[in-house]
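# Observations on the model geometry
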Amino acid sequence: MTLTEQLFAQNTVQLNSKIPAGPMADKWNNYKADMKLVNPNNKRKFKVIVVGTGLAGASAAATLAELGYQVDAFTFHDSARRAHSIAAQGGINGAKNYKGDGDSIHRLFYDTVKGGDFRAREANVHRLAENSVDIIDQMVAQGVPFAREYGGLLDNRSFGGAQVSRTFYARGQTGQQLLLGAYQQFSRQVGLGGVRMFNRSELIDIVVIDGRAAGIVVRDLVTGELTSHSAHAVVLATGGYGNAFFLSTNAMACNVTAAWRAHRKGALFANPCYTQIHPTCIPQSDDSQSKLTLMSESLRNDGRVWVPTNPDETRPAHLIPENERDYYLERLYPSFGNLAPRDISSRAAKRAVDKGLGVGAKKNGVYLDFSDAINRLGRDVVEERYGNLFEMYERIAGENPYEQPMRIYPASHYTMGGLWVDYELMTNVPGLYAAGEANFSDHGANRLGASALMQGLSDGYFVLPYTIGNYLAPMLNQPTPDTNHPEFKRAEQEAQQRFNGYLAVGGTKSPDFFHRELGKIIWDYCGMERTEQGLEKALSEIPALYEEFKKDLRVTGNGESMNQTLEKAGRVDDFFQLGMLMCRDALDRNESCGGHFRAEYQTDDGEALRDDENYCHVSAYEWGGDPMKPRLNVEPLEFEEVHLATRSYK
Amino acid sequence: MAQVVASHRGPVTGTANKAKKRRPFLLDLYSTAVGKKYAMGISGIAMMGFVLFHMIGNLKMYAGAADLDHYAHFLQTLLYPLAPKGVVLWILRGGLVAMLFLHLHAAWSLTMLNRKARPVKYQSARDYQIANFASRTMRLSGLVILAFLVWHLLDLTFGVVNSEVGNKVLYPGDTEEVKAVYVSVIASFERVPVALFYIVANILLGIHLFHGAWSIFQSFGWNNPRFNKWRRAFATGFAAVVVVGNVSFPIAVMAGVIS
Amino acid sequence: MSNTIKNITLKIWRQDGPAAKGHFETHKIDEITDEASFLEMLDILNDRLVTDGKEAVVFDHDCREGICGTCSLMIDGQAHGPQRGTATCQLHMRKFNDGDSITIEPWRASAFPIIKDLMVDRSAFDRIIESGGYITAETGGAPDANLIPIPKPIADAAMDSAECIGCGACVAACPNGAANLFTAAKVAHLNRLPQGQAERYSRVESMVETMDDYFGSCTNHGECEAACPKEISIDVIALMHKDYRKAKFSNRKDLARS
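Residues numbered from 1 in each chain as written. Chains lettered and ligands numbered in written order. Predicted model: local features only at pLDDT ≥ 70, side-chain atom pairs only at ≥ 80, totals over all residues.

Formally: UniProt positions are given in the numbering used here, feature names are shortened, and annotations may be inferred rather than shown by experiment.
Going by an unreviewed UniProt entry, chain A carries the name succinate dehydrogenase and comes from freshwater metagenome. Quoted verbatim from the Sequence similarities (unreviewed entry) field of UniProt, the annotation for chain A is "Belongs to the FAD-dependent oxidoreductase 2 family. FRD/SDH subfamily." Of the comments in the UniProt record for chain A, the one headed Catalytic activity (unreviewed entry) reads "a quinone + succinate = fumarate + a quinol".

As structure tokens, then:
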């Protein structure tokens, strides 16, 4: 009996992935043919809450409103246009095969499953690849100014982990343009009255009544007021938890609170240890730094990554002769070279820096050198391709990348883990959905470049609007739950106590202090490379720090007006609990796969060593009342179409 | 009109579902700030035309008294005998007055709008990057020009402050007397403070035109990469021509070049 | 290569709420690395304030990559501070010198009421977009993306104005508190594209009229362009003015027909 089978037998929650019948390519069509429908005139009788208005949330809210549902949308930002989807630079994949280079839905599906190191659910990924085609059409109709060729047709570029050109882009601001497209469509519905928009309102709790999601409790960040909102279904599109590391490329406000509160109310949290470290970020420059900035992966198309061979090197980069440089990616992965997938490039950089070969004042980066590209293509061409990124680098690092190589280092960037959802994107709590980065479903253990935007929009535009109808149809004429129900009142009271509690501790240290310390532990022990020993250390250090947090936290101000310190305290609290789960999951998964690299499980040349016999499953945790004691449930993964194989990018 | 954003918190929805007011076309256009800027532009163009031709006509000063006085007479008798003497000139004057009032009304209401748009000023010093003296003093230069205009009319049109105005002169070869404009201009500029006021006001007019003439292109949406770079040059050139022409008269009088 | 900057004096606007009376508060930063960003300096200050039992300075910020448009701040009389084409979050301390005194104010406009300290409410921008800043293309009915070829120069020009991050620096910098650059950037983005033609004139009409409900008027100072972190050209304003004028005429024709 394999470990997967043993664990499956001990599941405490029934995990039904609801994958439709039929061949892989027909599953989604079969689902749509069989699903229950809500009559257009009846749609207005249903109310749906959408929390988060990034790509997934805004597109879902807009589409649901267009269909006729009443939609209440919540964001903690001042506007839907601020969501962190906006920061994606590189592009969005679409299996259009406009280049005629042999791309197809099947190939995108295959690349995504392989890129995810065979830890994603095949049926979900196939649906994602199918929808990718419609997304491009939809966004172009929306007015997204994708890059074009002189003939007027759409341009494509290639991205790490793929051998076809299928990435659509809008300069280095694809995420911005897509989010603004979705935001505009969403705004149209706000204008028309299809969506009620609550801004600067943060989800504090989920309310479950009679086993179904009944609504949410939100805190108005401006007034501190807590209010309850009920609906027939609740969608969480609240993003990922990369800020658990404190230093990450996520925006400052990104947090896990919504997903974590859902988890505490019964939703399973899946694969928390699958976090993606992006290889090309600007290294930390000083201890007060608050966040790291990503430089688009597209830079690796023309930049060459290297470190000096001498750890004591002090000369500036251009004076180091060729034979004293190690172009380690080109040396180790000749066929993909500088375009090796993210997890592989990141670990290679870490190994170089750990050997003391790092560059920069803190010796915490590797060079990304454009001098060859500038010699070969001319400065003009390089400037046209990457001009805005070079400017951004110079603003942040204060060095001119045309003259000296960029310094880069990996940083936390994206989290593949998230709330467990079935094929319909519904968590195990009926009526509670998770979309976009907040769910775990499509990227397995590693996400390919240009796939996050694709997933957010697929979930919001082309999955939820169907699957929610299927859930709502049998509930026709049922009223929305009463917000005076004791469950709502209890949730409001608990939330009130929670925030009063932070204000009352009266310790000496700010929430930021604890966040920074917590992040350091998680980064050191549950970052790019994990060991059993390190994880056990983290699992003793985090609870100790958490105790200190509860005793020595200081939050100034009050709870009745805008108080960013108080907001932060609540978010850090949830990061503590999540951090324990991340380490627990990383410790439980005795294999290396994708973004989860356990030093004990590697091949002779340092590559991830999967254990398909025992770990070809999704680890989904149930809240056990104590963050240190989650209950593990597993969903075995079966591969019908793609054969399990060792990933090789050599 | 600038309105204070609702301070109460709550959901936002149906913001675009407001009934559209139906108004006569011109009022509809004029009801928005963008429309008022068109009005500024149109009236500005009319008055720019006036100041330019006024200046060109006055260059007759340099040709001597007879030429200038005959030119003035020509204006009085525009389209005569199709229209009675003076009528066309008064129609033109009426048009200019209307344009002036339009310009003033639009300027006044835009100023009020802008005040409402920032009721609390910045409490620390601003560091302007592009906004220049011309653009930031439009109201001031406009008011000085308006005051000057009033003086100028009282001085040289109605003769309230100039006893030479109204005198007539008969030139050899003419069949009737014409107004002795030349003499009254000389009389006016021989008063040094008047000449100085004239010079200052005209320099301000130039500054006003420098921003106004460029602004018209923006307000009308005349924007084309082919001629965009000429817009500034046009505004500068236009303002310079008008100022140099106008300012030359009092200087010439004071220097004794013409007397 | 990193240096420290010493003796920075900060004059920061503090205000408890929209209706409260505000004042400047002075804080000293004895030493800070020039690698730090401007907002990290405020983070450090806030951490010190909280540790000392005082309330942290409230300011809007999020992505810190210059793209989300959440950050604001009037720094020494300039929206987003002294560096051209740079949002506050991308401004670094290396732009300042030892002993500098830096004044920080919130953005001021009646459409941007102060929420607290340096944070303002920019929802009026959303109202403008809601009134017409979109292309109506409901999910599901889109034709193939390559159906309409769009000449590269047009796509590029649309992208130039689509880069607007909605931060509100244009309004803050404008001596009149006008939002023409923001509104025009969206009008220019959508009206330049073939997909945007169907609603071209109704869009510009509704957006301009909604803008008028909240903001001042454009008198062509050009301060907005100088403050814009994306350096969007005021040429887009001319385009909007042109389309608005045309809208007034063409819409009348349409109404006459119906």
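## Focus on the overall build of chain C
Under the convention used in this document: Put simply, DSSP marks the helices as runs of H or I at least four residues long and the strands as runs of E at least two long, and each gets a number from the N terminus on. Exposure in this text rests on C-beta crowding, where 20 or more other C-beta atoms within 10 Å of a residue's own make it buried, 12 or fewer make it exposed, and counts in between make it partly exposed. The C-beta atoms are placed from the backbone.
Scanning chain C from terminus to terminus reveals eight helices and seven strands. Principal-axis analysis of the C-alpha atoms gives chain C an extent of 70 × 45 × 35 Å. Looking at the 258 residues of chain C, the share that counts as buried comes to 64%.

## Description of the sheet that holds strand β4 (residues 78-79) of chain C
Remark on secondary structure: sheet strands pair via backbone hydrogen bonds, oriented parallel or antiparallel. Residue and element names in this part refer to chain C. Which entries qualify depends on this criterion: Two strands qualify as a pair provided that DSSP identifies no fewer than 2 bridges between them. Contact between residues is assigned whenever the C-beta positions, reconstructed from backbone atoms, fall within 7 Å. Angles run from 0 to 180 degrees between N-to-C directions of axes, and those axes are lines fitted to C-alpha atoms, restricted for helices to the stretch in contact.
Taken in spatial order, the five strands make up an open sheet running β2-β1-β5-β3-β4, and their pairing is mixed. In this open sheet, the two strands that pair with only one neighbour each are β2 (23-33) and β4. Across two bridges, the pairing between strand β3 (residues 74-75) and strand β5 (residues 101-105) is antiparallel. In the sheet register, I75 faces β5, and the bridge partner there is I104. Contacts between helix α1 (residues 38-51) and the sheet are confined to β1 (4-14) and β2, with β2 contributing the most and set at about 105° to the helix.

## Looking at the interface of chain C and chain B
How we decide: Residues are grouped as follows: Ala, Val, Leu, Ile, Met, Phe, Trp, Tyr, Cys and Pro are nonpolar; Asp, Glu, Lys and Arg are charged; all remaining types, including Gly, are polar.
Each partner contributes residues to the interface: chain C has 48 residues there, and chain B has 45 residues. Residue assignment for the side of chain C that touches chain B shows that the elements contributing at least two residues are β5, α2 (123-130), α6 (200-214), α7 (223-227) and α8 (235-257) of chain C. Among the residues making up the side of chain C that touches chain B, the classes are represented as 17 nonpolar, 15 polar and 16 charged.

## Focus on the nonpolar core
Convention followed: Joining buried Ala, Val, Leu, Ile, Met, Phe, Trp, Tyr and Cys residues through C-beta atoms within 7 Å gives a set, and that set is a nonpolar core.
By size, the foremost hydrophobic cluster in this structure holds 325 residues, and its most contacted members are V235(A), L236(A), L419(A) and Y433(A). Broken down by element, the residue count for this core peaks at twelve residues, all from helix α16 (residues 564-588) of chain A. If near-sequence neighbours (up to four positions away) are discounted, L419(A) is found in contact with L236(A), A259(A), A262(A), H263(A), A267(A), F269(A), A270(A), T427(A), A434(A), A438(A), N439(A) and F440(A). Among the nonpolar cores identified, the runner-up in size contains nine residues, and A180(B), Y182(B), V185(B) and F189(B) belong to it.

## Points about the sheet that holds strand β17 (residues 432-434) of chain A
All names here are of chain A. Overall, parallel pairing links the five strands, which are arranged β5-β2-β1-β9-β17 in an open sheet. Each having just a single partner strand, β5 (195-198) and β17 make up the two edges of the open sheet. Here the average twist between neighbouring strands, direction ignored, is 20°. As paired elements, strand β1 (residues 47-51) and strand β9 (residues 233-236) share four bridges and run parallel to each other. Residue pairing for β9: V51 is matched across the bridge by L236. Its contacts with the sheet place helix α12 (residues 452-472) against β1, β9 and β17, and it is angled at close to 150° to β9.

## Some thoughts on the packing of helix α13 (residues 486-505) of chain A against α16(A)
All names here are of chain A. Defined as follows: Angles are sorted into four bins: roughly parallel if under 35 degrees, roughly antiparallel if over 145, roughly perpendicular if 65 to 115, and oblique for all others. Definitions for this section: a left-handed crossing has its near helix turned counterclockwise from the far helix by less than a right angle. A right-handed crossing has that turn clockwise.
Running from N to C, α13 and α16 cross one another at 110°; their axes reach a closest spacing of 10 Å. Between α13 and α16, the angle falls in the class roughly perpendicular. The interaxial crossing formed by α13 with α16 has right-handed handedness. Residues R498, F499, Y502 and L503 of α13 lie in contact with α16, whose contacting residues are L566, A569 and G570. Considering only residue class, the contact of α13 with α16 consists of five nonpolar, one polar and one charged.

## Looking at the domain arrangement of chain A
Residues and elements named next belong to chain A. Under the convention used in this document: Domain extents, as shown, originate in an automatic or database domain assignment.
When its domains are assigned, chain A resolves into domain 1 (54-213 + 436-479), domain 2 (278-411) and domain 3 (484-636). Placing a centre on the C-alpha atoms of domain 2 and another on those of domain 3 gives a separation of 31 Å. Broken down by element, the side of domain 2 that touches domain 3 gets its largest block of residues, four residues, from helix α9 (residues 342-354). Of the residues that constitute the side of domain 2 that touches domain 3, the class distribution is one nonpolar, one polar and three charged.

## Side note on the domain arrangement of chain C
When the parts of a complex come together, some accessible area is lost, and that lost area is often used as the size of the interface. Residues and elements named next belong to chain C. Assigned domains within chain C: domain 1 (4-115) and domain 2 (123-257). Taking only C-alpha atoms into account, the centre of domain 1 sits 30 Å from that of domain 2. Each partner contributes residues to the interface: domain 1 has 17 residues there, and domain 2 has 15 residues.

## A closer look at the interface of chain A and chain C
Counting residues at the interface gives 67 residues for chain A, matched by 68 residues for chain C. Mapped onto the side of chain A that touches chain C, the elements with two or more residues apiece are α3 (55-67), α5 (122-141), α6 (174-192), α11 (379-397), α12, α14 (511-526) and α16 of chain A. Looking at the side of chain A that touches chain C, the element that brings in the most residues is α6(A), giving nine residues. Its residues assigned to classes, the side of chain A that touches chain C shows 23 nonpolar, 29 polar and 15 charged.

## Description of the packing of α5(A) against α12(A)
The description of two packed helices rests on the angle between their axes and on the distance between the axes. Residue and element names in this part refer to chain A. Put simply, α5 and α12 touch, their axes get as near as 9 Å, and they point 85° apart. Here α12 runs roughly perpendicular to α5, going by the angle between their axes. Contacts from R127, L128, N131, S132, D134, I135 and Q138 of α5 reach α12 at M454, Q455, L457, S458, Y461, F462 and V463.

## A closer look at the pairing of strand β14 (residues 366-369) of chain A
Residues and elements named next belong to chain A. Side chains V366 and L368 of β14 all project onto a buried face; the interleaved residues Y367 and D369 project onto the opposite face, where all are buried too. Across three bridges, the pairing between β14 and strand β15 (residues 406-415) is antiparallel. In the sheet register, V366 faces β15, and the bridge partner there is I408.

## Observations concerning α1(C)
Applicable threshold: In this analysis, the expected span of each helix is defined as 1.5 Å times one less than the number of residues it contains.
Helix length check: α1(C) (14 residues) gives 20 Å between terminal C-alpha atoms against 20 Å at 1.5 Å per residue, within 8%. For α1(C), the set of buried residues is F38(C), L39(C), E40(C), M41(C), L42(C), D43(C), N46(C), L49(C) and V50(C). Packing partners of the buried residues in α1(C) comprise α16 of chain A together with β2 of chain C. Positive phi shows up at G53(C), right after α1(C), with a value of about 85°.

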